[in-house]
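Notes for the structure review
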Amino acid sequence: GPILLHLVNTGSGGHNFAAPEFFAAASGVSGPVRKGRVEVPGHQAVNIRLTPAHGNYHLRCSHTFHSTFGMHGEIDVQ
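This report concerns the structure included in the present document. (Residues numbered from 1 in each chain as written. Predicted model: local features only at pLDDT ≥ 70, side-chain atom pairs only at ≥ 80, totals over all residues. Heavy atoms only, no water.)

1. Here we look at the environment of alanine 19
On the secondary structure map, alanine 19 appears in the loop between strand 2 (15-18) and helix 1 (20-25). In this structure alanine 19 comes out as buried when scored by relative accessible area, which is 0%. When the C-alpha positions of alanine 19 and leucine 50 are compared, they lie 13 Å apart, and in sequence the two are 31 residues distant. Excluding residues that lie within four positions of it along the chain, alanine 19 makes contacts with Gly36, His58, Leu59 and Ile75. (Helix = DSSP H or I, 4+ residues; strand = E, 2+ residues; numbered from the N terminus. Buried < 20%, exposed > 50% of the residue type's maximum accessible area, 1.4 Å probe, protein only. Contact = heavy atoms within 4.5 Å.)

2. Comments concerning unusual backbone geometry
Positive phi outside glycine occurs at lysine 35, with the angle close to 55 degrees. Here lysine 35 is to be found in the loop between strand 3 (27-30) and strand 4 (37-40). Accessibility expressed as a relative area gives 76% for lysine 35, which makes it exposed. The backbone of phenylalanine 65 sits at a positive phi, close to 70 degrees, despite the residue not being glycine. Along the chain, phenylalanine 65 turns up in the loop between strand 6 (55-60) and strand 7 (72-77). Look at phenylalanine 65 and you get exposed, because its relative accessible area is 57%.

3. Looking at the sheet that holds strand 3
One open sheet accounts for three strands, arranged 1-5-3; its pairing is antiparallel. Two strands bound the open sheet, and with one partner strand each, they are strand 1 (3-9) and strand 3. For this sheet, the mean inter-axis angle between neighbouring strands, taken without regard to orientation, is 20 degrees. Across seven bridges, the pairing between strand 1 and strand 5 (residues 44-51) is antiparallel. Paired with isoleucine 3 across the bridge in strand 5 is leucine 50. (Pairing = 2+ DSSP bridges. Axes fitted to C-alpha atoms, helices over the stretch in contact; angles between N-to-C directions.)

4. Quick notes on the pairing of strand 4
What you see with strand 4 is a clean split: Val38 and Val40 sit on the buried side and Arg37 and Glu39 on the side with no burial. Looking at chain direction, strand 2 and strand 4 are connected through four bridges and run antiparallel. Bridging across to strand 4, histidine 15 finds its partner in valine 40.

Shown next as structure tokens:
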């Protein structure tokens, strides 16, 4: 069923949650998702509602050099 993703940026700089395949496979996506990315400004939070599809998806921060600094991971929906 539907879930709520609550994305929090505790840093002062902006980051994003880029997972285009995850968002494309999900249904009922509601929130500020643009081209498979959610921008999360510094010291703010963003909510996204969706029903995820089973699978394994790559995620990263697509800001310059951020994924090089370790801002990447996997989403595993079972």
